[in-house]
Amino acid sequence: MSPSLFDLPLQKHTVNGVQIAARVAGDGPPLLLLHGHPQTHVIWHRVWPELTRHHTCVAADLRGYGDSDKPAATPDHAPYSKRDMARDMAELMTALGHAQFDVLAHDRGARVAHRLALDHASRVRRMMLLDIAPTLDMYEGTTRAFAQAYYHWFWLIQPAPGPETMIAYDPKFYVRSIMGGRPGGLALFDPRALAEYERCAALPGTATGICEDYRAAATIDLDHDREGRARGERLRMPLRVFWGERGAVGRNFDVLELWRAIADDVDGRALPGAHYLAEEVPELIIEEAHRLFGTA
């Protein structure tokens, strides 16, 4: 059996001008795993032992998060565009010797994965995304109900240094308020994982990285998405999307319809969780991963 994700050495690779932190284990076809906000790569700890039985798993911290580098902000938010964040991951997989790979991604990592699969389409074989609809459609389809449920989308994009100052003042409170405010509260998280999220939230630059990730999503990322759609850009690889039946994404958007509008081969369903599906229903994530990615 693979060692616990928590016990593996942390690797750091310099790619695309930044250091990206990752843990790697397993044997078989490569599988890149990307986390969401305000977390780190350890969100995968409950699915890690089984997935690494069948895949060479690479669990990476996005730039701005965890132990990866946190570039300084710029007025156009370009260092945190999903295009640049996706390039990090493409170059990381190259550095690890993987020309092609599958992707399993959640939340912010799933937005990076979406851009990765567009900009580096020949590299991504199959992709599973957890609890998101396309960013452009979510912003353009915002209602009062969605804005209330995802208030942080609109707070984090406010001008610097407002949000980052408040996050940095008490990062532990920030992590616990965001994660504990969803259905299920904090009880569903392993104490080791929660401690890691809190540790990384307090690292210098994390508060800026979080805000810049969201500011980019509301500006430069939307420009890239609109330009791509105008060119007829589509996802061509098999795509499976899953969302929490108790979460805000499925309540406010027709997830499958939105993905089918921009992808050729997509299916999915709601799972009995809220948002943090890899930690809430790991057995179902494993089952769906085996179905899509195989077990050989």
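Just above, that's the structure.
Residues numbered from 1 in each chain as written. Predicted model: local features only at pLDDT ≥ 70, side-chain atom pairs only at ≥ 80, totals over all residues. Heavy atoms only, no water.

Helix and strand counts for the protein chain come out as 15 helices and eight strands. Here the protein chain has a C-alpha radius of gyration of 17 Å; the compact-globule value for 296 residues is 19 Å, and the two agree. With respect to the principal axes defined by its C-alpha atoms, the protein chain has extents near 50 × 40 × 40 Å. Classification of the 296 residues of the protein chain by burial places 59% in the buried group. A separation of at least 24 residues holds for 76% of the contacts in the protein chain among residues at least 6 apart in sequence. Charged side chains of the protein chain number 33 positive and 39 negative; the gap between the two group centres comes to 1 Å. (Helix = DSSP H or I, 4+ residues; strand = E, 2+ residues; numbered from the N terminus. Rg over C-alpha atoms; globule rule 2.2 N^0.38 Å. Buried < 20%, exposed > 50% of the residue type's maximum accessible area, 1.4 Å probe, protein only. Contact = heavy atoms within 4.5 Å. Lys, Arg positive; Asp, Glu negative; His and termini not counted. Charge placed at Lys NZ, Arg CZ, Asp CG, Glu CD.)

Inspection of the secondary structure puts glutamate 212 in helix H10 (residues 206-217). Separated by 2.9 Å, the side chains of glutamate 212 and arginine 215 make a polar contact. Aside from chain neighbours lying at most four places away, what touches glutamate 212 is Ala73, Thr74, His77 and Tyr80. (Polar contact = N/O pair within 3.5 Å; in protein donor to acceptor, adjacent residues only side chain to side chain.)

Here we come to the sheet that holds strand S3 (residues 30-34). Pairing within the open sheet is mixed, and its eight strands lie in the order S1-S2-S4-S3-S5-S6-S7-S8. One side of each edge strand has no neighbouring strand; the edge strands of this open sheet are strand S1 (11-15) and strand S8 (266-271). Taken over all neighbouring pairs, the strand axes of this sheet differ in orientation by 25° on average, direction set aside. Relative to S1, helix H2 (residues 82-95) is tilted by about 115°, and along the sheet it contacts S1, strand S2 (18-26), S3, strand S4 (56-60) and strand S5 (101-106). Lying over the sheet, helix H3 (residues 107-119) contacts S3, S5 and strand S6 (124-130), oriented at roughly 145° with respect to S5. (Pairing = 2+ DSSP bridges. Axes fitted to C-alpha atoms, helices over the stretch in contact; angles between N-to-C directions.)

Along the polypeptide, aspartate 221 turns up in helix H11 (residues 220-230). For aspartate 221, a relative accessible area of 5% gives the class buried. Residues aspartate 221 and histidine 77, 144 residues apart in the sequence, show an inter-C-alpha distance of 9.4 Å. Once you skip the residues sitting within four places of it in the chain, aspartate 221 turns out to touch Tyr80, Ser81, Lys82 and Ala216.

Turning next to the pattern of salt bridges. Considering all chains together, one arrives at 30 salt bridges under this definition. One salt bridge in this structure joins arginine 126 and aspartate 102, with 2.8 Å as the shortest N-O distance. In this pair, arginine 126 sits in strand S6 while aspartate 102 sits in strand S5, placing the two residues 24 residues apart along the sequence. For the pair arginine 126 and aspartate 102, a shared accessibility class is recorded, and that class is buried. A salt bridge links aspartate 264 to arginine 236; its shortest N-O distance comes to 2.7 Å. Within this pair, whereas aspartate 264 is found in the loop between helix H13 (255-260) and S8, its partner arginine 236 is found in the loop between H11 and strand S7 (239-244), the two being separated by 28 residues in sequence. With relative accessibility at 54%, the residue arginine 236 sits in the exposed group. A single network of salt bridges, built from pairs that share partners, joins Arg83, Arg115, Asp119, Asp225, Arg231 and Glu233. (Salt bridge = Lys/Arg side-chain N within 4 Å of Asp/Glu carboxyl O.)

With that out of the way, let us pick up the pairing of S2. Along a regular strand, successive side chains alternate from one face of the sheet to the other. The pairing of S1 with S2 spans five bridges and is antiparallel. Within S2, the residue paired with histidine 13 across the bridge is isoleucine 20. Between the end of S1 and the start of S2, which pair antiparallel, lie two residues, with asparagine 16 showing a positive phi angle near 55°. For S2 and S4, the ladder comprises five bridges, and the chain directions are antiparallel.

A word on helix H8 (residues 171-180). Looking only at H8, the buried set comprises Pro171, Tyr174, Val175, Ile178 and Met179. Taken around the axis of H8, the buried residues stretch over an arc of 110°, which confines them to a single face. Along its buried surface, H8 packs onto helix H6 (151-155), helix H7 (162-169), helix H9 (191-201) and H10. (Arc of directions from axis to C-beta.)

Okay, the packing of aromatic side chains next. In this structure the tally under the stated criterion is nine aromatic pairs. Ring geometry for tyrosine 139 versus tryptophan 153: centroids 4.8 Å apart, planes at 45°, classification tilted. Within this pair, whereas tyrosine 139 is found in helix H4 (residues 135-140), its partner tryptophan 153 is found in helix H6, the two being separated by 14 residues in sequence. A relative accessible area of 16% means that tyrosine 139 is categorised as buried. Measuring from ring centre to ring centre gives 5.0 Å for phenylalanine 146 and tyrosine 150, while their planes differ by 35°; the resulting arrangement is tilted. Across the pair, tyrosine 150 and phenylalanine 146 agree in class, each one buried. Three or more aromatic residues joined by ring pairs form one cluster here, namely Tyr139, Phe146, Tyr150, Trp153, Phe154 and Phe253. When the ring centre of tyrosine 214 is taken as reference, the NZ or CZ atom of arginine 108 above it lies at 3.7 Å. (Phe/Tyr/Trp six-rings, centres within 6.5 Å; stacked < 30°, edge-to-face > 60°. Lys NZ or Arg CZ within 6 Å of the ring centre and 35° of its normal.)

Now for the packing of H2 against H3. Where H2 meets H3, the axes come as close as 8 Å, and the angle between the chain directions of the two elements is 80°. The orientation of H2 relative to H3 falls into the category roughly perpendicular. In contact with Lys82, Arg83, Met85, Ala86, Met89 and Ala90 of H2, H3 contributes Arg108, Arg111, Val112, Arg115, Leu116 and Asp119. Residue composition of the contact of H2 with H3, by class: six nonpolar, no polar and six charged. (Parallel < 35°, antiparallel > 145°, perpendicular 65-115°, else oblique. Nonpolar A, V, L, I, M, F, W, Y, C, P; charged D, E, K, R; others polar.)

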